[in-house]
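A structural walkthrough
For reference, the chains in residue letters:
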Amino acid sequence: MPVVHVEHLSKRFGKRVLAVDDVSFALEKGSITGFLGPNGAGKTTTLRMIVDLVRPTAGSIAVFDGRYRDLPRPWTRVGALLDASGFHPGRSGANALGVVARASGIPAARVAEVLELVELEGAARRAVKGYSTGMRQRLALACVLLGDPDLLLLDEPANGLDPEGMRWLRTFLRARAAEGKTILVSSHVLAEVEQTVDDVLIISRGRLVARGPLASLDAGASPVVRLRSPQAELLQRHLEERGAAVNRLGDALAIRGPSAPEVGEAAHQCGAVLHELITERPSLEDLFLEIAGTRRPES
Amino acid sequence: MIDLVAAELLKLRSTRTALGLLIAAVLVGLAPAVLILIFAPAEVLEDETVGGFGFLVTGVTVVPLLGLVFGILSMTNEYRHGTITYSYLVTPRRARVIAVKLFVCFGVGIVVLALVGSLVTLTAIIGYEVRSLELETSFLFEDGVAETLALVLLAAGLMAALGVGLGALFRNQPATVAGTLIWALAGENIVVSLKPAVGQYLPFAALQQVVTGGVTVSTGAEVGLSRPEAFLVSLGYIAVVSIAAVYTTMRRDVT
Ligand SMILES: Nc1ncnc2c1ncn2[C@@H]1O[C@H](COP(=O)(O)OP(=O)(O)O)[C@@H](O)[C@H]1O
Ligand SMILES: [Mg+2]
């Protein structure tokens, strides 16, 4: 039984904005899934619908087999980081967590524990307005861990973190994963979660456009063959007649479709001279951007 | 529920908003009393018709208005700072979040008015003693005074609760505070003076009448609602606003 089961989920804001469009996925117990997509793709809206903050226009959501609002003491089952700025600036970090602990029936001693876990014990008594972005992000993570939940939903936890903070976050997520928690972590930058997640869901303009193990992402990716030739124009026409996608810039061609040997043979057939011929594998990031539709296939 | 009340009280204790308003309430209540005690001539303070005591509590009548602002702030602060997200994550049954806030602010409104009232009474006793004047207190023990006092305290609680309801309904802090105060202090007065028969039923006029028992119109005539009537009308407003607040809050997206 999946921990989270989302089926045909849609959300419309007003008449115009279809923020989430028929999204379905399931999170298995103990899985770490990256929820990727450019800004405005619908990640935050989806996460907020899972925890009943936003009402779906259509579709169904099951969290631990039921609705989030029907979970008794939900903060001990699910930890959601949705907005690192969700703290009163005048309240101390310890009190901010104290309020949440109190309302969830979590013992007050747990506050000090989680603050230590995110290395904020030194700043616990200080007002949140004096915290740096990274400290706020860690406070939000501490808050998420208060109830020691089995499911973590983290919306862009790496936002605003410096490289050291990012490294800290990766270690943090791996430690939680080692504890067997189910994690869904969103990001608009693949590199932020690439080293942490096993599976990815890629969302673009509200629709899921790819899903599966991270490793399978580049399986369907076609490499780009690049070449330089004094007869570039002639060769371009020849390749295009055979169905390849070709972009030309001066004497340089970028070709999608045929492999490098096939391109070499084609050049020989039409008598074009090659000065350079290489195969370029797109990076995972390029692929992600391409799948997510923020960038046209590279020229 | 007890956990939620405790959390709400921790919210109040852990920022300066509540403390600031408490200090303001004490100052607003005490300052006129102290000034009057120092500067008013003896015959005014010993006047038996108005009762010198009647003058001394002028500042106290402003305290429920601060309670109203307190209620609005305690709700709208959650939207303003985004803490509402955590409140609803922890308690997804949103009606409970609002109900607990209504209840806590209602209690705080009563306690603060009782506190300021007691401080003013204490100050009066000391002031009269210092000036060797006779403080007329016998009217405090007349029939119906205890009941009136109870209604006044409850009305102060209702003001704070009304603030919570309005805050939940409108969410925007500056607009709700400004709009409510302008309506309460100016808007209703205009209606009351033009059409007292209608005006007497308006929410803040009703709450005011719980304290004053009726309204005095420009002709000097006393019209309006008796204290218990005014209290029931006020209660009706709180109920309507609270239900509307819960109804809209349950349907709104928190983004
Ligand atoms: N409260 C809202 N009202 C109207 N449109 C919204 C609201 N929240 C989000 N949107 C729109 O929904 C789309 C998805 O937003 P969001 O879920 O925040 O994306 P992401 O988190 O992937 O950046 C965007 O076009 C955004 O402008
Ligand atoms: Mg987002």
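Residues numbered from 1 in each chain as written. Chains lettered and ligands numbered in written order. Predicted model: local features only at pLDDT ≥ 70, side-chain atom pairs only at ≥ 80, totals over all residues. Heavy atoms only, no water.

1. Re the overall build of chain A
- Of regular secondary structure, chain A possesses nine helices and 13 strands.
- For chain A, the spread of C-alpha atoms along the three principal axes comes to 80 × 40 × 35 Å.
- By the burial criterion, 52% of the 299 residues in chain A qualify as buried.
- In chain A, the share of contacts with a sequence separation of at least 24, taken over all contacts with a separation of at least 6, comes to 69%.
- When the accessible surface of chain A is split by element, carbon and sulfur atoms take 49% of a total near 13,600 Å².
- If you average the places of the 37 positive and of the 36 negative side-chain charges in chain A, the two averages end up 8 Å apart. (Helix = DSSP H or I, 4+ residues; strand = E, 2+ residues; numbered from the N terminus. Buried < 20%, exposed > 50% of the residue type's maximum accessible area, 1.4 Å probe, protein only. Contact = heavy atoms within 4.5 Å. Areas by Shrake-Rupley, 256 points an atom, 1.4 Å probe, with all protein chains shown as cover. Lys, Arg positive; Asp, Glu negative; His and termini not counted. Charge placed at Lys NZ, Arg CZ, Asp CG, Glu CD.)

2. A look at the site of ligand 1
- Taken together, the neighbourhood of ligand 1 is formed by Phe13(A), Val17(A), Ala19(A), Pro38(A), Asn39(A), Gly40(A), Ala41(A), Gly42(A), Lys43(A), Thr44(A), Thr45(A) and Thr255(B).
- In this structure, Thr45(A) approaches ligand 1 through a side-chain N or O atom, which is 2.5 Å from an oxygen atom.
- Contacts to ligand 1 include Thr255(B), whose side-chain N or O atom sits 3.0 Å from a nitrogen atom.
- Those elements giving two or more residues to the shell around ligand 1 turn out to be β2 (17-27) and α1 (43-50) of chain A.
- Residue classes in the shell around ligand 1 are distributed as five nonpolar, six polar and one charged. (Near = heavy atom within 4 Å. Polar contact = N/O pair within 3.5 Å; in protein donor to acceptor, adjacent residues only side chain to side chain. Nonpolar A, V, L, I, M, F, W, Y, C, P; charged D, E, K, R; others polar.)

3. Some remarks on helix α7 (residues 232-241) of chain A
All names here are of chain A.
- Among all positions in α7, only Ala 232, Leu 235, Gln 236, His 238 and Leu 239 are buried. Seen from one end, α7 has its buried residues packed into an arc of 165°, which puts them on one side.
- Looking one or two residues beyond α7, the residue adopting positive phi is Gly 243, at roughly 90°. (Arc of directions from axis to C-beta.)

4. Re the domain arrangement of chain A
- Domains assigned within chain A are domain 1 (4-212) and domain 2 (224-280).
- Of note, the centres of domain 1 of chain A and domain 2 of chain A, computed from C-alpha atoms alone, are 47 Å apart. (Domains from an automatic or database assignment.)

5. Side note on a negative patch on the surface
- Residues Glu116(A), Glu119(A), Glu121(A), Asp162(A) and Glu164(A) make up a contiguous surface patch of negative charge.
- As for its position among the elements, Glu121(A) is in the loop between α3 (109-117) and α4 (133-145). (Patch = residues over 30% accessible without salt bridge, like charges linked within 9 Å, V, L, I, M, F, W, Y side chains within 5 Å. Salt bridge = Lys/Arg side-chain N within 4 Å of Asp/Glu carboxyl O.)

6. Focus: the pattern of salt bridges
All names here are of chain A.
- Tallying each qualifying case throughout the model produces 17 salt bridges over all chains.
- The shortest N-O distance in the salt bridge between Glu 156 and Lys 43 comes to 3.6 Å. In this pair, Glu 156 sits in the loop between β6 (151-155) and α5 (163-178) while Lys 43 sits in helix α1, placing the two residues 113 residues apart along the sequence.
- The partner of Glu 179 in a salt bridge is Lys 181, with the nearest N and O atoms 3.8 Å apart.
- Owing to a relative accessible area of 45%, Glu 179 belongs among the partly exposed residues under this scheme.
- Counted as one network, the salt bridges with shared partners bring together Asp 148, Arg 176, Glu 179 and Lys 181.

7. Here we look at the side chain of Gln209(B)
Residue and element names in this part refer to chain B.
- Within the fold, Gln 209 resides in helix α11 (residues 203-212).
- Looking at Gln 209, the relative accessible area reads 0%, which means it is buried.
- Looking at Gln 209, its side chain comes within polar contact range of the main-chain oxygen of Gln 200, at 2.8 Å.
- Apart from residues lying up to four places away in sequence, Gln 209 is in contact with Gln 200, Gly 214, Val 215, Gly 224, Leu 225, Arg 227 and Ala 230.

8. Looking at the sheet that holds strand β9 (residues 207-213) of chain A
Residue and element names in this part refer to chain A.
- Across the sheet, which stays open at both edges, the six strands sit in the order β5-β6-β7-β3-β8-β9 with mixed pairing between neighbours. Two strands in the sheet have a free side with no partner beyond their single neighbour: β5 (78-81) and β9. Taken over all neighbouring pairs, the strand axes of this sheet differ in orientation by 15° on average, direction set aside.
- The pairing of β5 with β6 spans four bridges and is classified as parallel. Its bridge partner lying in β6, Ala 80 is registered against Leu 153.
- Across the sheet, α4 is in contact with β5 and β6; its angle to β5 comes to roughly 165°.
- Lying over the sheet, α5 contacts β3 (32-36), β6 and β7 (182-187), oriented at roughly 155° with respect to β7. (Pairing = 2+ DSSP bridges. Axes fitted to C-alpha atoms, helices over the stretch in contact; angles between N-to-C directions.)

9. Brief notes about the sheet that holds strand β11 (residues 245-249) of chain A
All names here are of chain A.
- In space, the four strands of this open sheet follow the order β11-β12-β10-β13, with antiparallel pairing throughout. Looking at the sheet topology across the chains shown, the edges are occupied by β11 and β13 (276-280). Between one strand axis and the next, the sheet turns by 20° as a mean value, whatever way the strands run.
- Pairing of β11 with strand β12 (residues 252-256), which is carried by five bridges, proceeds in the antiparallel orientation. Among the inter-strand pairings, Ala 245 is bridged to a residue of β12, identified as Arg 256.
- The strands touched by α7 are β10 (224-228), β11 and β12; relative to β11, the strand with the most contacts, the crossing angle is about 170°.

10. Quick look at the nonpolar core
- Counting residues in hydrophobic clusters, the biggest one holds 151 residues, and the most contacted among them are Phe25(A), Ile50(A), Trp75(A) and Leu146(A).
- The greatest single-element share of this core, amounting to 13 residues, is contributed by helix α8 (residues 145-170) of chain B. (Core = buried A, V, L, I, M, F, W, Y, C linked by side-chain atoms within 4.5 Å.)

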